[in-house]
Structures are given as C-alpha cells and as structure tokens.
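In case you want the letters, here they are:
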2 protein chains.
Amino acid sequence: MTNIKLVIAYDGTNYHGWQSQANAVTVQDTLVSAIYRGIGEKPILIGSGRTDAGVHAIAQVANFHSESDVPPDKMKYVINAYLPNDIHVMDSSQVPDDFHAQFSAVRKEYMYKILNAPDPSVFHTNYAYWVGRRLSFEDMACACKDFLGEHDFSAFCATGSKVTDFTRRIFRSELEKDGDFIIYTVQGSGFLYNMVRIIIGTLIEIGMGKIPKDAIPSIIKGKDRRKAGRTAPPQGLYLKNVYYE
Amino acid sequence: MTNIKLVIAYDGTNYHGWQSQANAVTVQDTLVSAIYRGIGEKPILIGSGRTDAGVHAIAQVANFHSESDVPPDKMKYVINAYLPNDIHVMDSSQVPDDFHAQFSAVRKEYMYKILNAPDPSVFHTNYAYWVGRRLSFEDMACACKDFLGEHDFSAFCATGSKVTDFTRRIFRSELEKDGDFIIYTVQGSGFLYNMVRIIIGTLIEIGMGKIPKDAIPSIIKGKDRRKAGRTAPPQGLYLKNVYYE
C-alpha cells in the first residue's frame, strides 16, 4: 500500500462543502469518484479538514492509501482526467505510511477577500465579499494584529460547536490592499468552526467604526460570541495552505 | 421622452450572449425585464453590439427612451434592484435624443485573457483561456503590432458573415504580462464577427511557433480565413469600452 498525498484547488461555488454527504454534491465525493474512475479503487480520502459550502481552496491537502501501480507523481493526471473544471489536483506524491492529512497538520493558512467599492463586481460575486460602505483599512490592519499569539478563541467560534479546547495559536495575521480589494491572511495552529469568518465580520465592523479598533483583546478575554462581529459570508474565504512537519 | 444611456458590466457565463432570443436567457432580455420591473416600461434597449455566449463585458453600453420621472442618474439603482448578481448597471445618464448606442459608437475596446501555466486555474475556467503549453510572449507581443492601422480583415472574420465591407482601423494592439496571465488589449473603429477571437487564436499559434511571427501582414493581405489561427474560446473575451464622440 502506498500513501498518496494530494494538493487540491477547488472553486467551492457549486459544492456543499468538502465533507461527504448523502444527498448533496461535495468536493470529497467528487474526488473519490474521480479516483475510482481513474485507478479503480474507492479510497478512504482523508482531508486536512472541512470547508463549508461556497468556501474555496487554493491548496487543500488530502491523503489515501492505494495499491495502484500508477506512479505517485503521475496520479494527479489520472485523477484530473475525471474531475470537473472546478476541482483540480495540483500535485500528487508519496508520503510516509503514517502521514494523515488531518492529524499530521501543524498549521493552516486561510485568506479572505473583501471587495470594498461603491459597486459590486459581477466577476467576484462568488469569489469575494462585497462591502459597499467605505472601510477604514488602517483601523482594520492595526486591529488584526491583536489576534496574534495564543488565546482562548471562544468568542470567535460558532455557537453549538462540540470542541472543548478553544485555545489556538495565531502565527500570522495580516491585512493588505490590492486595488479595491482588502485581503486578510491568517496562519494558525488550527481554527475553530467559522473562526476566520467571525474574525472578518469583526474586522469589518471595526472598519465601519461600529466596534472600537482597540476592542479585540477585551472581546477575546470576554469569551462571549455575541461581543464579536457577525459571521462573514463563505465566498470570500480560501483555504490557502496546510503545513506539515 | 428622455434618452437614457446605461454602462453595464456582466459575467457572460450563464447567458446565451447579449442579443434577445426566443428560447434562451440573454443579457438584453434580462435587462429589459429589470427595467420593466423597475419603472413599468418595456423599452427598446439598443446595445452597442452583440456579445457571444460566454463573453463578458466590463462596460457594455446601451440606451433606451423613457417617460419615467426617475432621475437619469438614479435609474441605475432602480434597475440594479431587479438584476441578478451577474449583471450590474455601473452608470446611468441622460444623453441627447439622437444618441444611439450602436450607430453613435466610434471606437470599441476589447480585452482577452490567456492563462499560460502548466496547470489550469479552477478560479478562471470561465474567465480566461487556459493554454498549458509555454507561449513565447515576446513573439506574440511583437506580432500583435502588425494589426495596427487600416486593413481589410477578411482573413480574421468568421465565414458566413453578412458584412460587405471588411475594412477596420485598429488604434491600439497591445500584449502585457500579469503573472501567469497574458492580456491582450485591442481598440478599433469596429470589429468583424469573431475578429478578436481569431486574432488571439493566431497570436497563440505564433506563440507556439506554429505560425511565423512575421506572418500577420501576409495573412491580412491573403484575405483567406484558413491562413489565420483557430477561433479562441469566448470565456477569455471582455468588451472593455465603447467610445462616443
């Protein structure tokens, strides 16, 4: 058995997220079908984590064990041959037997795209979150630094989550401007459910002046979801990188 | 009666082109419905010209005569309220009575996006033409200058066209690189059917070395469609500007 690692890009617009579901089209199911058609095996495909409906991936990572004699680095061509245009295997390689896309991951990086312009863009409806009201980039860029470090992020987790440990470490939290786009990049040891989208919703309310720009430390400390901003929509979110040791 | 000019952006992916059709969803029909719902008039909406299925517009221009008392510059909000996310009126204004979006146009500008990378991008399937084989940007950039000036472009017109005068003047013909994208911008007095897409198909074959880089003048002179390259697909094409006096 060979352990195969895949690096996958997908446009999440037309999928009900990553995770396999009985009555909906998901990225995981579509990949499993393509692998089955490509090499005749129906693998247990382990993803680094779920992504919600409408969320995109620039480099999701998954692995599966295979007895196929297709060389690991050629596997991408065989699978891509059976994938629709909105899912693409960027790379395939052999990894040690104990590599597990979810449990071996040590860091993840997400990107979130905001379009801050008076008019929406017909070309970015599914690829960025349009905010028509002018945002203070400076206040948001300054505030986003307060997420750095190790914190209990209960206030930035969707209610109803089943996790018990809300502590995560944030290694990178940066905002940059690219024309009318505001792009947020965040790297962390892991992320709670909806965490990045709640961070963005909070930063946007800071950019509008609804939440004070120095409020993040006290929102984190308060551990109260209601004190953070609203959950920003999925279409601006991209899983950008998954890091392994 | 007030003559209203609209500047319209649209993502052409889900439309059977601009022009009204009996059994298909088109951009023109969708706009006419939105105007009807917004101001209660079913106008004769004149576009600057057709765009094919899958072709996009950054700034298509159209006009219609109206008796509505909605101020011309506010008309965009009323219409946008009834448009889907992939069509957006960027601007509305009053123009002289004799302004005609098609006949008053003196120049048009198109853009064409090529993605030249080993792997396709899941995010650009409908927004650029992916060419996996490495293209010589230099040869293409050099060759594209030969389209400048006034020529009979019969060789760059889809066969079966009903026009009789194939002469057009090209004012601008430029290729630029933006990361893995090659972006072509062309401005002319007018364009024949499929002309930009055939120009691109020809430039791509020059970039691959299949057509010599100095062949454009003789292809133009030969007036033979078969000597030019293949018609590039619609999704890379954007109507960028329409100019009036």
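Predicted model only: the values in this text are computed from it and were never measured. (Residues numbered from 1 in each chain as written. Chains lettered and ligands numbered in written order. Predicted model: local features only at pLDDT ≥ 70, side-chain atom pairs only at ≥ 80, totals over all residues. Heavy atoms only, no water.)

### Structural notes on the overall build of chain A
For chain A, the helix and strand inventory stands at five helices and ten strands. Taking 2.2 N^0.38 as the reference for a compact globule, 245 residues should give roughly 18 Å; the C-alpha atoms of chain A span a radius of gyration of 19 Å, in line with that estimate. Per-residue burial for chain A yields a buried fraction of 54% across its 245 residues. Restricting the contact set of chain A to residue pairs at least 6 apart, pairs at least 24 apart contribute 71%. Once the 27 positive and 27 negative side-chain charges of chain A are each reduced to a mean point, those two points are 6 Å apart. (Helix = DSSP H or I, 4+ residues; strand = E, 2+ residues; numbered from the N terminus. Rg over C-alpha atoms; globule rule 2.2 N^0.38 Å. Buried < 20%, exposed > 50% of the residue type's maximum accessible area, 1.4 Å probe, protein only. Contact = heavy atoms within 4.5 Å. Lys, Arg positive; Asp, Glu negative; His and termini not counted. Charge placed at Lys NZ, Arg CZ, Asp CG, Glu CD.)

### Quick look at the interface of chain A and chain B
Interface size is commonly expressed as the accessible surface area that is lost when the partners come together. Listed per partner, the contact involves 20 residues of chain A and 20 residues of chain B. Of the roughly 1400 Å² buried between chain A and chain B, counting both surfaces, carbon and sulfur atoms make up 66%. The largest per-residue losses of area from chain A upon contact with chain B belong to Asp 119, Val 122 and Phe 123 of chain A, which jointly make up 45% of the total buried on that side. We note a salt bridge from Asp 119 of chain A to Lys 76 of chain B, for which the minimum N-O separation is 3.2 Å. Inspection of the chain A/chain B interface yields six residue pairs in polar contact (both at pLDDT 80 or more). Elements represented by at least two residues in the side of chain A that touches chain B include exactly β1 (2–10), β3 (56–66) and β4 (87–95) of chain A. By residue number, the principal contributor to the side of chain A that touches chain B is β4 of chain A, which donates four residues. (Buried area = accessible area lost by both parts, 1.4 Å probe. Salt bridge = Lys/Arg side-chain N within 4 Å of Asp/Glu carboxyl O. Polar contact = N/O pair within 3.5 Å; in protein donor to acceptor, adjacent residues only side chain to side chain.)

### Describing the relation of the copies chain A and chain B
In the superposition of chain A on chain B (RMSD 0.0 Å, axial shift 0.0 Å), the rotation amounts to 180 degrees. Accordingly, the operation relating the two chain copies is best matched by a two-fold axis. Both copies share a contact surface, since 100% of the interface residues of chain A are interface residues in chain B too. (Least-squares fit on C-alpha atoms with pLDDT ≥ 70 in both.)

### Considerations on the nonpolar core
Formed by 71 residues in total, the largest nonpolar core has its most connected members in Leu 31, Phe 156 and Tyr 184 of chain B. At eight residues, the largest contribution of residues to this core is made by helix α4 (residues 195–207) of chain B. Taken domain by domain, this core gets at least three of its residues from each of domain 1 (2–95) and domain 2 (106–244) of chain B. Not counting chain neighbours up to four residues away, the residues in contact with Leu 31 of chain B comprise Ile 8, Trp 18, Leu 45, Ile 79, Leu 83, Ile 87 and Val 89 of chain B. Counting residues in hydrophobic clusters, the runner-up holds 70 residues, among them Val 7, Tyr 10, Val 95 and Leu 192 of chain A. (Core = buried A, V, L, I, M, F, W, Y, C linked by side-chain atoms within 4.5 Å. Domains from an automatic or database assignment.)

### Quick word on the domain arrangement of chain A
Residues and elements named next belong to chain A. Under the domain assignment, chain A is made up of domain 1 (2–95) and domain 2 (106–244). Inter-centroid distance (C-alpha atoms) of domain 1 to domain 2 is 27 Å. In this assembly, 17 residues from domain 1 lie in contact with 17 residues from domain 2. Summed over both sides, the interface of domain 1 with domain 2 buries roughly 1300 Å², with 56% coming from carbon and sulfur. Sorting the residues of domain 1 by area buried against domain 2 places Asp 52, His 56 and Ile 58 first, and these three jointly supply 39% of that buried surface. Linking domain 1 with domain 2 are one salt bridge. Here domain 1 is connected to domain 2 by ten residue pairs in polar contact (both at pLDDT 80 or more). Looking at the side of domain 1 that touches domain 2, the element that brings in the most residues is β3, giving six residues. Of the residues that constitute the side of domain 1 that touches domain 2, the class distribution is six nonpolar, seven polar and four charged. (Nonpolar A, V, L, I, M, F, W, Y, C, P; charged D, E, K, R; others polar.)

### Regarding the environment of Arg 37 of chain A
Relative to the helices and strands, Arg 37 of chain A is located in helix α1 (residues 27–39). A C-alpha to C-alpha distance of 9.2 Å links Arg 37 of chain A and Ala 81 of chain A, two positions 44 residues apart in sequence.

### Examining the confidence of the model for chain A
When pLDDT is averaged across chain A, the result is 97; 100% of the residues are at 70 or more. Listed scores for the predicted complex are pTM 0.92 and ipTM 0.88. (pLDDT = per-residue confidence, 0-100.)

### Some thoughts on helix α4 (residues 195–207) of chain A
All names here are of chain A. Along its 13 residues, α4 runs 18 Å from first to last C-alpha, staying within 8% of the 18 Å computed at 1.5 Å per residue. The element α4 is largely enclosed, with a buried count of 13 among its 13 residues. Just downstream of α4, Gly 209 is the residue with a positive phi angle, here 85 degrees. (Expected span 1.5 Å × (residues − 1).)

### A short note on α1 of chain A
All names here are of chain A. Over its 13 residues, α1 extends 18 Å from the first C-alpha to the last, a length consistent with the 18 Å expected when each residue adds 1.5 Å. Among the residues of α1, Val 27, Gln 28, Thr 30, Leu 31, Val 32, Ala 34, Ile 35 and Ile 39 are the ones counted as buried. Looking at the residues trailing α1, positive phi occurs at Gly 40, about 75 degrees.

### A short note on the pairing of strand β5 (residues 105–116) of chain A
Working note: regular strand, side chains alternate between the two faces of the sheet. Residue and element names in this part refer to chain A. Here β5 pairs with strand β10 (residues 237–244) via seven bridges, running antiparallel. In the strand pairing of β10, Tyr 112 is matched with Leu 237. Strand direction decides the pairing type here: β5 and strand β9 (residues 181–188), joined by eight bridges, are antiparallel. Opposite Lys 113, over in β9, you have Ile 183 as the bridge partner. The pairing of β5 with strand β6 (residues 129–131) spans three bridges and is parallel. Note that in β6 the partner of Ile 114 across the bridge is Tyr 129. (Pairing = 2+ DSSP bridges.)

### A short note on the pairing of strand β9 (residues 181–188) of chain B
Within β9 of chain B, eight of the eight residues are buried, which leaves the element mostly enclosed by the surrounding structure. In this structure, the hairpin formed by strand β8 (residues 167–178) of chain B and β9 of chain B is closed by a connection of two residues, where Gly 179 of chain B is found at a positive phi of approximately 65 degrees.

### A word on the side chain of Lys 76 of chain B
Inspection of the secondary structure assignment puts Lys 76 of chain B in helix α2 (residues 75–80). The exposure class assigned to Lys 76 of chain B is buried, which follows from its relative accessible area of 8%. Here the side chain of Lys 76 of chain B touches Met 90 of chain B through a polar contact of 3.2 Å, landing on its backbone oxygen. The residues contacting Lys 76 of chain B, other than those within four sequence positions of it, are Asp 119 of chain A together with Val 89, Met 90, Asp 91 and Ser 92 of chain B.

### Thoughts on the pattern of salt bridges
The tally for this structure, following the rule as stated, stands at 20 salt bridges over all chains. A salt bridge links Arg 197 of chain B to Asp 52 of chain B; the shortest N-O distance between them is 3.3 Å. In this pair, Arg 197 of chain B sits in helix α4 while Asp 52 of chain B sits in the loop between β2 (46–47) and β3 (56–66), placing the two residues 145 residues apart along the sequence. One salt-bridge network, held together by shared partners, links Glu 109, Arg 172 and Glu 174 of chain A.

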